[in-house]
Structure formats: structure tokens, C-alpha cells
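The chain contents come next:
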Amino acid sequence: MGSSKLRLSGSVRADACEQAEKVVDAKDLNGRGAVVTGAARGIGLAVAHRLHRAGAKVAMLDRKESDLHKAAAPLGGIAIEVDVRDSAAVEEAIQTAHERLERLSILVNNAGMGMLQPLHEYTDKQWDDILAVNLSGTFYAMRSAIPLMLESGGGAIVNNASVSASSPTRGELPYSAAKAGVIALTHGAAQEYGPTIRVNAISPGVVRTPMTELLYSNAEILEPVERSTPLQRTGDVDEIADVVHFLCSDASRFVTGQNIVIDGGLSLPQAGIDETLKWSLDMMAKAKAKRS
């Protein structure tokens, strides 16, 4: 990546961070209990912090116990270890969170996983795991939380989908299929449970998280993404958390059944991310050929 590009990207990112600091930090979620899945790191951790800053009491769910308790401690949050692939465990975790929060008003389904390889190389187990975490886990949490939210007078659900749901990209088709299902669940639930519960989805684009470190580790991969994005950069977890906060708050009281794309405009042409994934797949194929 050229130095001029680095200067541009750095300048744009600095401006974005400065703007983010100006976001009003109102305690508009005071008295509300929130459950966030996949909360030990990445987007989920940023969302937990954002909701806590807004006054919500947060229950953080994740299957990584050591990371989870470390993440929850600074927030005084409730840490609950759970594997979202296990429906009974999810039901128990949501019930426990509800009891400890006293009022469950917000559910953020963020737990997710993905892989990158050609469709014909996915095993049954890989397919099952990707759907179980991304789609079934979202369903299990919604099914468990909705009756409790109805008892509490309603609230808001935000499901983490992906730009790959509406614009499937090579190498991650099972992930794209699962996330498309998340959007369908969101649309349907918004109709079933309005006006008491609002249900929306977010579709992040390229955001730096533990899942995307491969992309950020090589400037040759990252540069086409930044170049193809109208805002000329990738996203930050706090920018995703700000949108989730909006969807959980009364500021979005007339918003339901929507899928909010947060990608800096990258999915408009979609060429950048698709070419990046093609490059990644080619590199993986070459590495595999050398090993065999």
C-alpha cells in the first residue's frame, strides 16, 4: 500500500474517530436490561460497552469463559457462559439473565462464526456449525427472550447479519446463507411482534474484529477494499455499536423490520470485497497445493 494511500486512510480514520467522540452519551437506556451474545470480544464487546454507557444493565453471553469474565468485569456486567448452538443452554442462559437483570428489554444477537473456502470443500460439520451458530443461535435466543420481553412490556431486538447476506461473496456461501436467514427472521418477527417489540438487523461490512484479522494482516488484501469503499476506509467496532445503540433506543421508535447496512458504501458495487475474497481463496489454494 502506497504512503499516500496510508496518509489518506489515516486522515479519514482520524476524522471519523473525532466525529465519534462527539456522539451524545445520553443515559437513554436507564432501567433497561440488555442481553448481548458473542459479547467477549469484537463487535459484541463494543456493543456491551455502548449499551452500558447508555445506562443499560448488560448480561454478556459467550462460550469463551475466560475472555467473557475479563470483558464483563469493567462493566459490572453479568457474565453467562453459553454455546448458542445448544437450544436448552440458550434458554437457561436467557432465563438466568432475565432474573438477574430484573427486566429484559433488549436482545442483541451477535454471536457468529465464518470460514473461507470453496463451496465444494465444506464438510457437513462445517456447514452445520456455521448455520447453528449464525442462524439457529439467533432463533434460539429470540424464541427464549420474546416471551420474557412481552411480559416486561416490550423492547427491541437487534440481529447481526452481514452484507454477505444480500450480496453473497465467494468462499463464504454457507455464512451468506445463514445470515440471509437471520434477515428473514428479522423481517418476520417484526411483523409478528409489533408494536410491542421492534426487531431490526444490522449488516456490517468490513470491520476489524478477531474474525477479520487475516484481511488486516496484509496491505495487498486490504487496499482494494479501502479503494472500492466510497468512504475510503474500513469500519470500526464502535461505529457498529453506535448503530445498535440507536436501534435499541427510543430514537428509533418508528423503525422496525429493517436491515441497516453499515459498510461505508462498499456493498454498492461489491467489487472490492469480492475481489479480495477471490485473492484470499487463490492464496489458500496455492498454500494447500504446496503442502500436498
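Right above here is the structure, for reference.
Residues numbered from 1 in each chain as written. Predicted model: local features only at pLDDT ≥ 70, side-chain atom pairs only at ≥ 80, totals over all residues. Heavy atoms only, no water.

Q: Can you walk me through the overall build of the chain in this structure?
A: Within the chain one finds 11 helices and seven strands. Here the chain, with 292 residues, has 48% of them falling under the buried criterion. Expressed as a percentage of contacts within the chain between residues at least 6 apart in sequence, the contacts between residues at least 24 apart total 72%. With an accessible surface of roughly 13,800 Å², the chain has 53% of that area assigned to carbon and sulfur atoms. (Helix = DSSP H or I, 4+ residues; strand = E, 2+ residues; numbered from the N terminus. Buried < 20%, exposed > 50% of the residue type's maximum accessible area, 1.4 Å probe, protein only. Contact = heavy atoms within 4.5 Å. Areas by Shrake-Rupley, 256 points an atom, 1.4 Å probe, with all protein chains shown as cover.)

Q: Which parts of the structure should I look at to understand the sheet that holds strand S7 (residues 259-262)?
A: Taken together, seven strands build an open sheet; the order of strands is S3-S2-S1-S4-S5-S6-S7 and the sheet is parallel. Because the sheet does not close on itself, it has two edges, and the strands there are strand S3 (78-81) and S7. Taken pair by pair, the neighbouring strands of this sheet meet at an average axis angle of 20 degrees, ignoring direction. The pairing of strand S5 (residues 155-160) with strand S6 (residues 197-204) spans six bridges and is classified as parallel. Considered in S6, the bridge of Ile157 is made with Val199. In this fold helix H7 (residues 173-193) packs onto S5, S6 and S7, with an angle of close to 160 degrees to the strand it touches most, S6. (Pairing = 2+ DSSP bridges. Axes fitted to C-alpha atoms, helices over the stretch in contact; angles between N-to-C directions.)

Q: Just to check I follow, could you spell out the side chain of Glu172 for this structure?
A: Among the structural elements, Glu172 can be located in the loop between helix H6 (163-166) and H7. There is no salt bridge for the buried Glu172, and the closest opposite charge comes from Arg170, which lies 9.9 Å off by N-O distance. Within the structure, Glu172 has its side chain in polar contact with the side chain of Ser164 (distance 2.6 Å). (Lys, Arg positive; Asp, Glu negative; His and termini not counted. Salt bridge = Lys/Arg side-chain N within 4 Å of Asp/Glu carboxyl O. Polar contact = N/O pair within 3.5 Å; in protein donor to acceptor, adjacent residues only side chain to side chain.)

Q: Can you walk me through the pairing of S6 in this structure?
A: Within S6, eight of the eight residues are buried, which leaves it mostly tucked inside the rest of the structure. What you see with S6 is no split at all: Ile197, Val199, Ala201 and Ser203 on one side and Arg198, Asn200, Ile202 and Pro204 on the other are buried throughout. With four bridges connecting them, S6 and S7 associate as parallel partners. Each residue of the ladder has a partner; that of Ile202, found in S7, is Ile260.

Q: Whenever I open this one, unusual backbone geometry confuses me. Can you help?
A: Most peptide bonds take the trans form, and the phi angle of most residues other than glycine is negative. Here the bond from Gly194 into Pro195 is cis, since omega is 5 degrees, no more than 30 degrees from zero. Along the chain, the position of Pro195 falls in the loop between H7 and S6. In the Ramachandran plot, Glu102 falls in the positive-phi region, its phi being about 75 degrees despite a non-glycine side chain. For Glu102, the position within the fold is in the loop between helix H4 (87-101) and strand S4 (104-109). Phi angles above zero are rare outside glycine, and Gln232 is one such case at about 60 degrees.

Q: Sorry if this is basic, but what is going on with the environment of Gly112 here?
A: Note that Gly112 resides in the loop between S4 and helix H5 (124-151). By relative accessible area, Gly112 is classed as partly exposed at 35%. Sequence separation of Gly112 and Met211 is 99 residues, and the distance between their C-alpha atoms is 9.3 Å.

Q: Quick question: what am I supposed to make of the packing of helix H2 (residues 42-53) against helix H10 (residues 237-248) here?
A: Packed helix pairs are characterised by how far apart their axes lie and by the angle those axes make with each other. Remark: H2 packs on H10, axes separated minimally by 8 Å, with the N-to-C direction vectors making an angle of 50 degrees. Between H2 and H10, the interaxial angle falls into the category oblique. Every pair of crossing elements has a handedness; the one defined by H2 and H10 is right-handed. Residues Gly42, Ile43, Ala46, Val47, Arg50 and Leu51 of H2 form the contact with H10, whose participating residues are Val237, Asp238, Ile240, Ala241, Asp242, Val244, His245 and Cys248. (Parallel < 35°, antiparallel > 145°, perpendicular 65-115°, else oblique. Left-handed = near helix turned anticlockwise from the far one by under 90°.)

Q: I keep staring at the nonpolar core and nothing clicks. Help me out?
A: Nonpolar side chains in soluble globular proteins tend to be buried together. In terms of nonpolar packing, the biggest core is built from 31 residues, with Val47, Leu51, Met60 and Val108 touching the most fellow members. Residue assignment for this core shows that the elements contributing at least two residues are strand S1 (33-37), H2, strand S2 (57-62), helix H3 (65-72), S4 and H10. Take this core: its biggest share by element is six residues, from H10. Residue contacts for Met60: discarding those within four places in its chain leaves Val36, Ala39, Leu45, Ala48, Leu68, Ala71, Ala72, Leu75, Ile78, Ala79 and Ile80. With 28 residues, the next largest nonpolar core counts Leu61, Ala97, Ala145 and Ile197 among its residues. (Core = buried A, V, L, I, M, F, W, Y, C linked by side-chain atoms within 4.5 Å.)

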